[in-house]
Amino acid sequence: MKVAVVGTGYVGLVAGTCFADSGNDVICVDNDAKKVRALRSGRIPIYEPGLQELVQRNSHGGRLHFTTDLAEAVKKSEIIFLAVGTPPKKDGSADLSAVFGVAEGIARLMDGYRIIVTKSTVPVGTADEVRARMKRVTKQPFDVVSNPEFMKEGAALDDFLKPERVIVGTESGRAAEQMRELYAPFMRTGAAFLVMDNRSAEMSKYASNAMLAARISFMNEVANICERVGADVQQVRRAVGLDSRIGPRFLFPGVGYGGSCFPKDVQALGATARAAGYTPRMIDSIEAVNEAQKRVLFEKVEAYYQGKLKGRMFAVWGLAFKPQTDDMREAPSIVVINALLKAGARVRAYDPVAMHTARGVLGDRITYSRTPYAVLKDADALILITEWNEFRNPDFERMARLLKARVIFDGRNQYELEEMRERGFTYLSIGRPAVVPGAAR
Ligand code: NAD
């Protein structure tokens, strides 16, 4: 099939590449000429495991092309995906200007039937609005399909190639059949292909993300209560997760969720509800708990040093909003580091892949080191923010020699309390008893 993908970011690049890999002819369009130049020379602008090789293989195979020219893409494609950004506006609602702008641009360029697919996360009613706007511009026939994306950054290829479900929102049998054919190569593992109306498809994405964010906020709240009543959230999490109605996944407390999806999608769902005259009490709480949770690690640092942070140096492990990505959007590390800097502390940080994106956000207000151990030298304490695998089993004695004191603030509960106790560390984590040498247990 001939496919175009407009917006070649995390979602568009992965989707376009996977469609090409299953034998389709794919044109990826982006208005960022620098990005397109890089992609044409086989360099991908993001970190996503396995993606670089797949882009190169399909580009060399002649199935994957990159351009800034929307006209070329519209002319050559039957199915056109919109994967542009939908960032939050000040009031939390989604900014749909790129979606509408591209849809109207496509409508002006169409010379026959096309299927326009919204893959970006868009609020309920967007497909209807896209349809209405396009109708004002073109007399050509077209269908608008809502096809929300559920991939996770860091595991995006696997998620796209082996989805748990594909959601297709459309009233058109013709469009549904084309979508079924396009997705057929990825459905062999027996995943569900759900066809529904546009509005339900759009809502499914927000409901899924809000539910996942709710699990995180819920467990963060449980963790905060555990700390105050002397329970250990690790034990509680295991016990709770063994209930098959609940399940063990996505129950890890930490420093709050970040990234380009949960924060903005929870806010946008709240805005949608309010616009429809409904007060979304639970959705609002998910967000409120998360905002507070992003500050919890800093508050532990502040309390430990009794507010005297001026002149101290902190080593930070992990900057990306989660492991396996270089994405810094809404990363909790930004909140923790800004709070430390504001309190007069200095920060030296290490992240396996996100240092260049972090530099874009934090600039030279902090320093960066190339190895996890180099950041520790003469630091007052280590603050672990992102749970990269390489932090799981560090050389604690080497760490102790480099640090000024054996102090770790762990925002991801990576280490065993008993081991920290035995090694003489002061160890403050999330929702678990504090380990303080010499203190009564
Ligand atoms: P992104 O910012 O990485 O990519 C968006 C791309 O669109 C950029 O390359 C940008 O240059 C391009 N663009 C913007 N306006 C354009 C225009 N007018 N014409 C051509 N290109 C244009 O964003 P992303 O993370 O890929 O997210 C895209 C959408 O998918 C969002 O709605 C997001 O909520 C949703 N989504 C993201 C993820 C994820 O894990 N990142 C997962 C599921 C859904």
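Keep in mind the model is a prediction, meaning the values are calculated, not measured.

(A) Fine view of empty space enclosed by the protein. Scanning the entire structure with this criterion turns up one cavity of 30 Å³ or more. Empty space within the largest cavity amounts to approximately 50 Å³. A per-element tally of the lining of the largest cavity places helix α9 (residues 198–229) first, with four residues. Considering only residue class, the lining of the largest cavity consists of four nonpolar, five polar and two charged.

(B) Main features of the sheet that holds strand β10 (residues 346–350). An order of β11-β10-β9-β12-β13-β14 is seen for the six strands of this open sheet, with the pairing classed as parallel. The open sheet terminates on both sides in strands that have one partner only, identified here as β11 (367–368) and β14 (426–428). Docked against the sheet, helix α13 (residues 296–304) engages β9 (313–317), β12 (381–384), β13 (407–410) and β14, running at close to 155 degrees with respect to β13.

(C) Layout of the domain arrangement of the chain. Looking at the assigned domains, one finds that the chain contains domain 1 (2–196), domain 2 (206–293) and domain 3 (296–428). Relative placement of domain 1 and domain 3: their C-alpha centres are 38 Å apart. Between domain 1 and domain 3, the buried area comes to about 660 Å², and carbon and sulfur atoms account for 43% of it. Its largest share of buried area at the contact with domain 3, domain 1 owes to Y10, Y47 and E153, together 78% of the area lost on that side. Counting across the domain 1 and domain 3 interface gives one salt bridge. Among the salt bridges present, the one from R329 reaches E153, with a minimum N-O distance of 3.7 Å. Here domain 1 and domain 3 share four residue pairs in polar contact (both at pLDDT 80 or more) between them. By residue class, the composition of the side of domain 1 that touches domain 3 is five nonpolar, one polar and two charged.

(D) The arrangement of the site of the ligand in detail. Around the ligand, a shell composed of 26 residues is seen, among which D30, K35, T86, E153 and K264 lie nearest. In this structure, D30 approaches the ligand through a side-chain N or O atom, which is 2.6 Å from an oxygen atom. A distance of 3.0 Å separates an oxygen atom of the ligand from a polar atom in the side chain of R329. For the ligand, whose unbound accessible area comes to 830 Å², protein coverage reaches 85%. If you list the elements that add at least two residues to the shell around the ligand, you get α1 (10–21) and α5 (97–109). Looking at which domains feed residues into the shell around the ligand, each of domain 1 (2–196) and domain 2 (206–293) gives three or more.

(E) Looking closely at the side chain of K300. If you trace the backbone, K300 turns up in helix α13. The class of K300 is buried, set by a relative accessible area of 15%. Residues in contact with K300, not counting those within four places in the same chain, are E227, F409, L428, S429 and I430.

(F) Molecular detail of helix α8 (residues 173–183). Taken residue by residue, α8 has A175, A176, Q178, M179, L182 and Y183 as its buried positions. One side of α8 holds all its buried residues, which, seen down the axis, span an arc of 165 degrees. Exposed positions of α8 whose direction lies more than 90 degrees from the buried face are G173, R174 and E181. By the N-cap criterion, in which a side-chain oxygen at the helix start approaches the backbone nitrogen of a residue two or three places on, α8 is capped by S172, the distance to R174 being 3.4 Å.

(G) Structural context of the nonpolar core. Residues L319 and L340 are the most contacted members of the largest nonpolar core, which totals 65 residues. Both of domain 2 (206–293) and domain 3 (296–428) provide at least three residues apiece to this core. Look past the residues within four positions of L319 in its chain and what remains in contact with it is M328, A331, S333, I337, A349, Y350, D351, M355, A358, L362, Y368 and T386. Counting residues in each nonpolar core, the second largest holds 41 residues, with C28, L54, A83 and M151 among its members.

(H) Region of the structure containing the environment of R421. Mapping R421 onto the fold places it in helix α17 (residues 417–422). A relative accessible area of 27% means that R421 is categorised as partly exposed.

Thresholds applied
- Residues numbered from 1 in each chain as written.
- Predicted model: local features only at pLDDT ≥ 70, side-chain atom pairs only at ≥ 80, totals over all residues.
- Heavy atoms only, no water.
- 1 Å grid on protein atoms, 1.4 Å probe; cavity = no way out; pocket = protein on both sides within 12 Å on 5 of 7 lines; lining within 4 Å.
- Points joined across faces, edges and corners; volume = space filled by probe spheres on them.
- Helix = DSSP H or I, 4+ residues; strand = E, 2+ residues; numbered from the N terminus.
- Nonpolar A, V, L, I, M, F, W, Y, C, P; charged D, E, K, R; others polar.
- Pairing = 2+ DSSP bridges.
- Contact = heavy atoms within 4.5 Å.
- Axes fitted to C-alpha atoms, helices over the stretch in contact; angles between N-to-C directions.
- Domains from an automatic or database assignment.
- Buried area = accessible area lost by both parts, 1.4 Å probe.
- Salt bridge = Lys/Arg side-chain N within 4 Å of Asp/Glu carboxyl O.
- Polar contact = N/O pair within 3.5 Å; in protein donor to acceptor, adjacent residues only side chain to side chain.
- Near = heavy atom within 4 Å.
- Areas by Shrake-Rupley, 256 points an atom, 1.4 Å probe, with all protein chains shown as cover.
- Buried < 20%, exposed > 50% of the residue type's maximum accessible area, 1.4 Å probe, protein only.
- Arc of directions from axis to C-beta.
- Core = buried A, V, L, I, M, F, W, Y, C linked by side-chain atoms within 4.5 Å.

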